[in-house]
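Results of the structural survey
Here is what each chain is made of, one letter per residue.
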2 protein chains.
Amino acid sequence: MEEGEASELLEAMRMSINSELKTLIDEQSAIHGEVATRAGEILLAGGKRLRPLMGLLVYELTGGVDFDEVLPLAIAFEMVHTATLVHDDINDEAATRRGSPTIHQQAGTAKGIIAGDWLFVQGFGLGGQYGGKLVEIVTNCCARIASAEFSQLDHVLDLSTSPEDYFEIVEGKTAGPFSAMCEGAALIAGSTDEQATNLARFGMELGIAFQLVDDILDIIGDKRMGKPRGADVHEGKMTLPLIHALTLLHGDERRRLGEIISDFDDSLFDELIYLLNRADSISYTEILVNNHLERAANILDEFPDSKSKQLLRYLLNNVANRHS
Amino acid sequence: MEEGEASELLEAMRMSINSELKTLIDEQSAIHGEVATRAGEILLAGGKRLRPLMGLLVYELTGGVDFDEVLPLAIAFEMVHTATLVHDDINDEAATRRGSPTIHQQAGTAKGIIAGDWLFVQGFGLGGQYGGKLVEIVTNCCARIASAEFSQLDHVLDLSTSPEDYFEIVEGKTAGPFSAMCEGAALIAGSTDEQATNLARFGMELGIAFQLVDDILDIIGDKRMGKPRGADVHEGKMTLPLIHALTLLHGDERRRLGEIISDFDDSLFDELIYLLNRADSISYTEILVNNHLERAANILDEFPDSKSKQLLRYLLNNVANRHS
């Protein structure tokens with residue numbers, strides 16, 4: 001499949017996900033009023049819809065033939081994802097999200113918290129339709145997001161954060177939902193337990209790669225995303241390039257890096273990058289990205305060729321190329 | 001059944017609910033660490049367990065014979081209830097809850113928000129076990145809590161809040177969960193749809209009465225609860241006695257009442273009570289309490305006599321007598 005064709009097919013899927021989301025918000029706004037409208041504004045303001053896209057593709061990959069079967073779960077993960085963004089933005093005091101003003105910024109913290117709760121509720125309502133094992137997957141995933149977020153808060157500006165700490169946080173918060181989405185979609189399609197477990201791993205690997213690319217983009221910048229460079233460093237988030245450099249550097253350079261991270265401002269950016277390059281930390285992170293993507297690709301290779309497999313491969317390549 | 005016996009039986013049920021909650025938190029703390037521990041501290045710090053108690057009793061009333069069938073739902077409603085308390089306490093800047101320091105007070109707003117989310121997740125995981133209609137009941141209930149909270153925020157210090165506004169908020173936020181608990185428990189026990197609908201109404205009536213008593217206690221005080229008098233007035237919450245007095249008084253008295261509510265401090269308490277008595281607002285609210293309890297009792301009367309029916313009657317009387 002050519003790149004252009006893959007990109008067009010994914011765009012069409014994205015549009016049908018967006019239209020599902022729009023319908024849901026319209027229906028719910030009629031019932032629940034402002035809380036649904038405000039939550040809807042953030043939900044519909046944009047977003048790559050990567051989680052639901054992966055859900056639909058994995059469903060097809062494992063033999064599913066009727067998207068309506070998997071759509072509620074796909075939408076559920078997008079709602080839960082947006083719920084965590086709404087609550088994160090309160091904690092990070094962010095003014096905008098997906099180019100729109102955040103809810104807490106427009107309507108106060110109380111409404112921000114409640115609107116996030118409402119999005120969680122909707123996600124669970126959709127996920128709950130499946131009962132049994134699927135409910136367990138969604139619940140465990142969401143509970144792990146919460147414990148990972150606790151851990152992340154504990155490691156803000158913690159210069160001794162280890163790679164193990166980092167991966168535990170990323171596997172809970174970012175990669176876990178990708179993994180749960182893929183596992184759930186496979187089970188709904190009627191996959192074997194082994195296939196579902198492998199696809200859970202696939203989602204995890206892709207999710208880790210995704211976060212590592214985010215970490216790189218926070219340092220080298222990302223014109224396409226419109227996200228300001230250095231946001232993580234400003235928030236004291238210990239990204240992998242920082243953790244790597246703090247581990248590898250020593251003496252004056254290690255001390256200086258610690259100072260820069262602990263009291264960062266934009267004027268220190270060049271020096272930060274100099275020190276990260278001294279430790280080859282960005283290259284190291286890029287290597288990790290490729291390792292995780294390769295593992296994800298190897299899992300895909302176990303499946304017979306199909307349109308959905310090619311589109312999942314295209315998504316993998318896209319994760320790798322976000323900063324190119 | 002004598003009062004002493006009813007009280008003992010309910011206490012035994014309360015203890016078994018508490019022990020279920022304790023087991024759950026111990027298990028989850030081993031997996032999810034601090035977020036579960038902190039949420040557990042609030043969950044286990046006390047509480048009347050009125051929602052789960054009603055769930056167990058309604059289940060038995062409608063022919064259920066194995067509490068294990070209904071316990072996950074009963075526990076789910078207690079988790080969701082506690083989740084809303086944790087998030088409310090952030091919005092109200094409350095320092096303590098159930099005699100313990102609030103999570104946000106101890107560990108910051110971010111952890112408070114996330115711990116509340118975690119409690120929601122646990123509630124949904126438990127409720128989700130039932131699938132189908134039960135998931136719908138829990139989801140609608142929780143979504144209505146959120147929209148009612150939005151409405152409540154919009155009516156803070158709004159002197160033109162109508163009784164209709166008030167009852168919409170109370171039915172969503174306080175009484176809705178009682179109603180959903182009763183409806184769900186009846187369905188799990190295998191009740192007819194008509195019985196379930198009637199018991200949903202029973203829960204709603206009891207919940208409204210419960211909130212109206214709370215409104216009265218906020219003004220006349222409640223030694224047993226240890227809750228400071230006037231908390232609602234300080235927060236600008238428009239309780240029914242205030243709404244009633246604002247509607248009935250006119251001229252200087254109405255103007256003065258508006259001033260007192262808009263800029264309340266404890267030195268104004270006697271004057272507030274004087275004005276509420278001028279409008280007979282506390283007596284009026286007491287009459288409403290009795291009306292709602294009577295409607296609840298009438299629904300109970302449709303069921304044949306049983307131990308659970310007597311205990312539910314005892315709970316009803318208890319709601320009425322909380323301030324005596």
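The structure displayed is predicted, hence computed values, not measured ones.

Some thoughts on the overall build of chain A
Across its full length, chain A holds 15 helices and two strands. At 20 Å, chain A has a C-alpha radius of gyration in line with the 20 Å of a compact globule built from 324 residues. Looking at chain A residue by residue over its 324 residues, the buried ones come to 50%.

Quick notes on the interface of chain A and chain B
Where interface size is given, it is often the accessible area lost as the parts come together that is meant. In this complex, chain A contributes 31 residues to the contact, which on the side of chain B involves 31 residues. The residue inventory of the side of chain A that touches chain B, partitioned by class, reads 15 nonpolar, 12 polar and four charged.

What about the relation of the copies chain A and chain B?
For the match of chain A to chain B, the screw axis carries a shift of 0.0 Å, the RMSD comes to 0.0 Å, and the turn is 180°. Taken together, the rotation and translation relating the two chain copies correspond to the operation of a two-fold axis. A shared interface surface links the copies, since 100% of the contact residues of chain A are contact residues in chain B too.

Observations regarding helix α1 (residues 3-32) of chain B
All names here are of chain B. An ideal rise of 1.5 Å per residue puts 44 Å on 30 residues; α1 measures up with 42 Å between its terminal C-alpha atoms. Those residues of α1 not exposed but buried are L10, I17, L21, L24, I25, Q28 and H32. Just downstream of α1, G33 is the residue with a positive phi angle, here 65°.

Remarks on the environment of L71(B)
Looking at where L71(B) falls in the secondary structure, it is placed in helix α4 (residues 67-91). In this structure the C-alpha to C-alpha distance between L71(B) and I17(B), which are 54 residues apart in sequence, comes to 8.1 Å.

Thoughts on unusual backbone geometry
Most peptide bonds adopt trans geometry, and most residues besides glycine take a negative phi value. Residues and elements named next belong to chain A. Phi at E93 is positive, roughly 50°, even though this residue is not glycine. Tracing the backbone shows E93 in the loop between α4 (67-91) and β1 (96-97). For E93, a count of 11 C-beta atoms within 10 Å gives the class exposed. If you check the backbone angles, D280 has positive phi at about 55° while not being a glycine.

A closer look at the packing of α4(A) against helix α6 (residues 109-128) of chain B
Describing two packed helices takes the angle between their axes plus the distance from one axis to the other. At a closest axis distance of 9 Å, the pairing of α4(A) and α6(B) adopts a crossing angle of 160°. In terms of orientation, α4(A) lies roughly antiparallel with respect to α6(B). The way α4(A) lies across α6(B) gives a crossing that is right-handed. Each of H87(A), I90(A) and N91(A) in α4(A) lies in contact with α6(B), whose residues at this interface are T109(B), A110(B), I113(B) and D117(B). Residues belonging to the contact of α4(A) with α6(B) are distributed by class as follows: three nonpolar, three polar and one charged.

Here's the deal with the packing of helix α3 (residues 50-61) of chain B against helix α8 (residues 163-189) of chain B
Residue and element names in this part refer to chain B. Across the interface, α3 lies against α8 with an axial gap of 8 Å and an inter-helix angle of 30°. As summarised for this structure, α3 and α8 are arranged roughly parallel, according to the angle between their axes. For α3 against α8, the interelement crossing comes out right-handed. On α8, the residues that touch R51, M54, G55, V58 and Y59 of α3 are P177, F178, M181, C182, A185, A186, I188 and A189.

Considering the environment of M1(B)
Residue and element names in this part refer to chain B. Of note, M1 is situated in the segment before α1. Between the C-alpha atoms of M1 and K111, which are 110 residues apart in sequence, the distance is 46 Å. The residues touching M1, leaving out its near neighbours within four places in the chain, are A6 and Q310.

Description of helix α13 (residues 269-278) of chain B
Residues and elements named next belong to chain B. Of all the residues in α13, the buried ones are L272, L275 and L276. Projected down its long axis, α13 carries its buried residues within an arc of 100°, all on one side. Facing away from the buried side of α13 by over 90 degrees, the exposed positions are D270 and Y274. Where α13 is buried, its residues touch α9 (193-220), α11 (240-248), α12 (251-262) and α14 (281-301). Immediately downstream of α13, the backbone of D280 shows phi near 55°, a positive value.

Observations regarding the environment of S262(A)
Mapped onto the elements, S262(A) comes out in helix α12 (residues 251-262). In this structure, the C-alpha to C-alpha distance between S262(A) and L157(A), residues 105 residues apart in sequence, is 6.2 Å.

Conventions we followed
Residues numbered from 1 in each chain as written. Chains lettered and ligands numbered in written order. Predicted model: local features only at pLDDT ≥ 70, side-chain atom pairs only at ≥ 80, totals over all residues. Helix = DSSP H or I, 4+ residues; strand = E, 2+ residues; numbered from the N terminus. Rg over C-alpha atoms; globule rule 2.2 N^0.38 Å. Buried ≥ 20, exposed ≤ 12 C-beta atoms within 10 Å, placed from the backbone. Contact = placed C-beta atoms within 7 Å. Nonpolar A, V, L, I, M, F, W, Y, C, P; charged D, E, K, R; others polar. Least-squares fit on C-alpha atoms with pLDDT ≥ 70 in both. Expected span 1.5 Å × (residues − 1). Axes fitted to C-alpha atoms, helices over the stretch in contact; angles between N-to-C directions. Parallel < 35°, antiparallel > 145°, perpendicular 65-115°, else oblique. Left-handed = near helix turned anticlockwise from the far one by under 90°. Arc of directions from axis to C-beta.

Any functional reading would require information beyond the geometric quantities listed.
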